[in-house]
Amino acid sequence: MATELQTTRPAIPLVGHIITDEEMGIQQGTKLQAVNLGRTVKLLTDPHSANMYERHLHSMWKVIRHYKHGFLMKDLVQVFKILNVCVDRVNEHPEYIDPMCEILKICSLPFLKEKSSDETAYAQIAMESISQLGYLMRVPSDKVRSQICKSLISFYAKKASEKTIVGHKQTTEEYNRVVIERSDIAETLVKALALLEHDTDIKLEVMDVLQRLSSASAINCDKMLQAEAAGKICSRMLDPDPSGRLLFRSVEILWNLLDKGDRKEAAKQLNNADCISALRDGFSNHIMQGFSHYNRQMRNDLLVIATMVAEECPEAPFIETGFAKQLILFATFQEVKSHNALVKHLRIGTDHEDFELKKLLINIIVVLSKDPNIIPLISEGRVLLALFSFVRNNENISGAQEWSPAQFEELQLHAMAALSSLAPLCTDDYMTCQGSTRLLLLLEWCVSQDDFGGHGNAFHGKGGRGNKRAQMRYCLHILRSMVSLGDDSINQDLVDQGAINQIINILNNACQSPYEDDAIDLEIQCDMLFMVSALCEGDLHRKELFGGQGVDVVLQYLKTDPMKISSGLGHHRLMLATVDCIWCSVVGCYMNEDLFLEGEGMFLLLDLLEACPKNMHNLILGCILDMCENPKSIHHVMTWRGKEDRTAPSLFVEIWKKEEEAIGVKRGPHGTILDTSMPLMGVLQEEQGVISLPAHCPSQAIVDVSENMRAKIYALFCKIGFSELPGLSTEDQVTVTIIERYMDFKLGEVWREVISELEQERVRPITPDQEALETISRAFDEKVAVVAETQVELLEGQKQKDLDDEQEVYTEIRENHRQKEKSIRDWNDYIARVSNYEYLKDSKRRMDSSIENSRNQTRYREVELFHATDEPNLQTTTFQGRHITVASTPLELTGAPILNALTQDKDKGVTLKEQTTIIV
């Protein structure tokens, strides 16, 4: 029955719930008609239809008509099979060229995708398809090659059209760029340039594609460099080209490769005589013959490319090709007269491009100076004389054909920056040009009150707007560079012209300035302090010239707030320069040292040592140590007190502890020696171990002396002594025992290294030497043991002292309790006397009896002249005089007002205060 019911049940009708736009008649956009590309490929490749050329062309034009809006990503494989078949037949059948070009034109459009996932699914196919476009450059047809270039430019840069294609979407511009970058089209096009040596038009189109690919993609630049694009393009950029586009495209591509690609690789490819010669000829032609705005820009661009190559490859053949000599000639021809034919008719104006050229020429000479072989050319070309022509006072007016004041200031600063690099390399030219005189005169103008406000343009003019700081900054840079050479003739020339006094006066004015210093001010002051240090170092007469005014200046700098050291502006460099100036200009001259100590300079140095970061300790300790050669300094060191009344020995011990903690020396919890075999060895020295070294190489134990500050601290303690030092705790004294034996421990460490090296080299000393080594080792062990025992005694003594102090505290507590108990008993006795009259009388009798018993004579009352010492009938147990002040019970205890009455006992002559309650 159930089966019959089931079979007779009517079926549920099916309803289509999805209605397409096409069915509704509201479809918008173009509909893509699919074509079976497989049939076209088979038609082209099948041996039976290989000669049916008309059918081939008909089928290809049909594909072109149906896919005029772009190829589907899934059909790209079939499309490029068709193209490759056509490539093989082009030579014999040129009729294939036109459909090929049309297909390539369609390839310029973005690909079409049916699903959003097609971009990921067909990414590899899309990348290989773009690569195939590059391989098609082998077709010997200008029309095909030109269309390939146009298609690549359009595909890479053209945005997707707004036309709607039903059921499909175009790939995005970003996706197309990524496909281009992941393919090897850039590398292929560079290699294709070799096929286009005699076809200038197509070569220019390929160069246009390479320029666009390299303009915004570092990946494309790197792939072009893999094909050695820089060298190939640069070496052929001066090939005959009436339009001038070849040189322009080449320069743009080279710029992109150097700017966005691997600059080192690009410069390496340009580092050959052919490329440098091409740059030289291109630059020379444009500077001599080009007067248009375009030619000036091209000239400057070529110079920038040459500068980049020189920066990355100092050994580039600029000298061998004669380019360096030409650059020096062009850079100096306005300031130095020359009869060279290259500059006979050369004119450089004051427009922006010529102004940039002047700066670029100065800059490239500085870059080329990295090669020592160019120094004779710089000297021969009188470059320093040309640059020193800018080292003069600025004027606010200019002539018709002269640089404007703003341009001259920028060139002046640029030239001075170049001089700071070139002048130390050409000291003879510097002296011939009287460089020191020119610079000191300019420095004097910088600090004068002349009316001049800098424009502060460009990099070198930073901080110099409205003032002369930029000129002063670079003037000091040059002087600092020259002084740092240590040339006696240059330094003596500066001293003879009063450079020390001039700089000290400037520093003195800077110290007294009410304005807050910025980073540039601090840099200027650091340079001046460094120059004074370099001039005065090792020369007593120059230190005397430094004199009292110089000492006052460094004292003012030492008084700088230590909190500014970590401000980030450069105060830490200023403090280091100040300490260095003290070390070089004060230490070693008794007159300056006495003035320094009178100004509490030692106290200020110790204050700075206490407050400064650890990386400044070494220099300050060295300065203090050398200052302690003056016996007067010792008293200042011992008198100094820092924060929380800290003493100098305590500060030195703390620095020692931190230094040992930093190098990982093994110490006990109280600073005791743990490793008795190597009491001074750190972790790094222990890890490296003992290595057999040549005799001229210092061992690790010797290197350790110069790598940390323990040797300086030991030397300081040798000056101030090791005993009876104030402000040291027991743990500090434990550390002092190690400091005291530092030299012995270090000698023992060195001898242990000698023994270990002999064992490693399997060398046995002769018997007397062996016995001497054993004696030295035993003596070293005994000294370490004595120090360790002394440390234990110090700690035990401190422990015993702590126990004694504890007992004293307990004794004081017990005494306080006894006094408290006595005061309680006295209070209770007082309460009993004032509240019980009988007890009061008994107390009176006891007091009288005690007085009687204390006398030597027992019958003194019976003598004729006896006088009573107390008043009769007084009911008190205290001693009274004629006037008695009695304290009453406080109001807060009685709870009632006190009744005071002043009465006079006429018989006794005693004034009393009668109160309700009297406390005697």
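Because the structure is predicted, anything quoted here is derived from the model rather than measured. (Residues numbered from 1 in each chain as written. Predicted model: local features only at pLDDT ≥ 70, side-chain atom pairs only at ≥ 80, totals over all residues. Heavy atoms only, no water.)

### A word on a positive patch on the surface
This is how it is decided: Only residues whose relative accessible area exceeds 30% and that take part in no salt bridge are eligible for patches, with like-charged residues grouped when within 9 Å of each other and nonpolar side chains (Val, Leu, Ile, Met, Phe, Trp, Tyr) grouped when within 5 Å. Each accessible area is a Shrake-Rupley estimate made with a 1.4 Å probe; only the visible protein chains count as cover when residues are assessed. A pairing counts as a salt bridge when a side-chain nitrogen of Lys or Arg comes within 4 Å of a carboxyl oxygen of Asp or Glu. Charge counting treats Lys and Arg as positive and Asp and Glu as negative, with His and both chain ends excluded. Lysine's charge is taken at NZ, arginine's at CZ, aspartate's at CG and glutamate's at CD. Numbering of helices and strands runs from the N terminus, with a helix taken as a DSSP run of H or I at least four residues long and a strand as a DSSP run of E at least two residues long.
Side chains of R39, R55, K62 and R65 sit close together on the surface and give a patch of like positive charge. The element contributing the most residues to the positive patch is helix 4 (residues 53-66), with three residues. On the secondary structure map, R55 appears in helix 4.

### Remarks on the confidence of the model for the protein chain
Definition in use: Known as pLDDT, the predictor's per-residue confidence is scaled from 0 to 100. By the convention used here, residues are in contact when the closest approach between their heavy atoms is within 4.5 Å.
Confidence in the prediction of the protein chain, expressed as mean pLDDT, is 86, and 88% of residues score 70 or more. Confidence over residues 1-7 falls short of pLDDT 50; this stretch has zero contacts with residues more than four positions distant or in other chains. Here residues 898-920 is a poorly scored stretch, pLDDT under 50, and it has 43 contacts once near neighbours within four places are set aside; other chains count.

### Section: helix 40 (residues 730-740)
Keep this limit in mind: Relative accessibility thresholds used throughout: buried, under 20% of the residue-type maximum; exposed, over 50%; partly exposed, between the two (1.4 Å probe, protein chains only).
Burial runs high along helix 40: eight of the 11 residues are buried. Restricting attention to buried positions, one finds in helix 40 the residues T730, D732, V734, T735, V736, T737, I738 and I739. Tucked into the core, helix 40 has its buried residues touching helix 36 (648-663), helix 39 (710-720), helix 41 (742-760) and helix 42 (767-835).

### Structural notes on the pattern of salt bridges
Opposite charge on two side chains permits them to pair, given that their charged atoms come into close proximity. Counted by the stated rule, this structure contains 48 salt bridges. Between K359 and E356 there is a salt bridge whose closest N-O contact spans 3.5 Å. With K359 and E356 both in helix 20 (residues 352-368), this residue pair falls three residues apart, about one helical turn. Under the relative-accessibility criterion, K359 is labelled buried at 13%. Classification of E356 as partly exposed rests on a relative accessible area of 24%. A salt bridge links K359 to E410; its shortest N-O distance comes to 2.6 Å. One end of the pair, K359, is in helix 20; the other, E410, is in helix 23 (residues 405-422), and 51 residues separate them in sequence. Side by side, K359 and E410 carry an identical accessibility label, which is buried. Through salt bridges with shared partners, a single network forms among E660, R667, D704, R710, K746 and E749.

### Considering the packing of helix 9 (residues 142-157) against helix 10 (residues 173-182)
For clarity, the threshold we go by: Axis angles are defined between N-to-C directions and span 0 to 180 degrees, where every axis is a line fitted to C-alpha atoms and, for a helix, only to the segment in contact. By definition in this entry, angles of less than 35 degrees are roughly parallel, angles greater than 145 are roughly antiparallel, angles of 65 to 115 are roughly perpendicular, and the rest are oblique.
Following both chains from N to C, one finds helix 9 and helix 10 inclined at 130 degrees, their axes separated by 7 Å at the closest point. Taken together, the axes of helix 9 and helix 10 lie oblique to each other. Facing L152, F155, Y156 and A157 of helix 9, the residues of helix 10 in contact are E173, N176, R177 and I180.

### Focus: the packing of aromatic side chains
How we decide: Within 6.5 Å between ring centres, the rings of Phe, Tyr and Trp (the latter by its six-membered ring) count as paired, and their orientation is classed by plane angle as stacked under 30 degrees, edge-to-face over 60, tilted in between. For a lysine, the NZ atom is tested; for an arginine, the CZ atom; a charge sits over a ring if that atom is within 6 Å of the ring centre and within 35 degrees of the ring normal.
Scanning all chains against the criterion turns up 16 aromatic pairs. Here the aromatic rings of F111 and F155 are separated by 5.0 Å at their centres, their planes lie at 45 degrees, and the arrangement is tilted. In this pair, F111 is assigned in the loop between helix 6 (97-107) and strand 2 (112-113) and F155 in helix 9, connecting sequence segments 44 residues apart. By relative accessible area, F155 is classed as buried at 2%. Clustering of aromatic rings is evident, with ring pairs tying together F652, W656, Y714, F717, F722 and Y742. The ring of W656 carries the charged tip of R710 above its face, separated from the ring centre by 5.9 Å. Positioned above the aromatic ring of Y839 is the side chain of R846, whose terminal nitrogen or guanidinium carbon lies 5.4 Å from the ring centre.

### Regarding helix 12 (residues 200-215)
The line we're drawing: Helix span is expected to be 1.5 Å times the residue number reduced by one.
Here helix 12 is 16 residues long and its end C-alpha atoms lie 22 Å apart, about the 22 Å a rise of 1.5 Å per residue gives. Those residues of helix 12 that fall on the buried side of the exposure criterion are I202, K203, L204, V206, M207, D208, V209, L210, Q211, L213 and S214. Those residues of helix 12 hidden inside the fold are in contact with helix 9, helix 10, helix 11 (185-192), helix 13 (218-226), helix 14 (229-235) and helix 15 (245-260).

### Describing unusual backbone geometry
Backbone phi values are negative for most residues with the exception of glycine, while trans is the configuration of most peptide bonds. The backbone of A458 sits at a positive phi, close to 65 degrees, despite the residue not being glycine. By secondary structure assignment, the location of A458 is in the loop between helix 25 (435-446) and helix 26 (469-483). Positive phi is not limited to glycine here, since E600 has a value of about 60 degrees. Mapped onto the fold, E600 is located in the loop between helix 32 (590-598) and helix 33 (601-611).

### A closer look at the nonpolar core
The test is simple: We call a set of buried Ala, Val, Leu, Ile, Met, Phe, Trp, Tyr and Cys residues a nonpolar core when their side-chain atoms join them within 4.5 Å.
In terms of nonpolar packing, the biggest core is built from 240 residues, with F318, L479 and F652 touching the most fellow members. Counting residues per element, this core draws most heavily on helix 29 (residues 519-536), which supplies 11 residues. Contact partners of L479, with chain neighbours within four places excluded, come to Y430, L439, L440, L443, L494 and M531.

### Focus on a nonpolar patch on the surface
On the surface, M743, L747, W751 and V754 cluster together into a nonpolar patch covering about 330 Å² of accessible area. The class for W751 is partly exposed, based on a relative accessible area of 37%.

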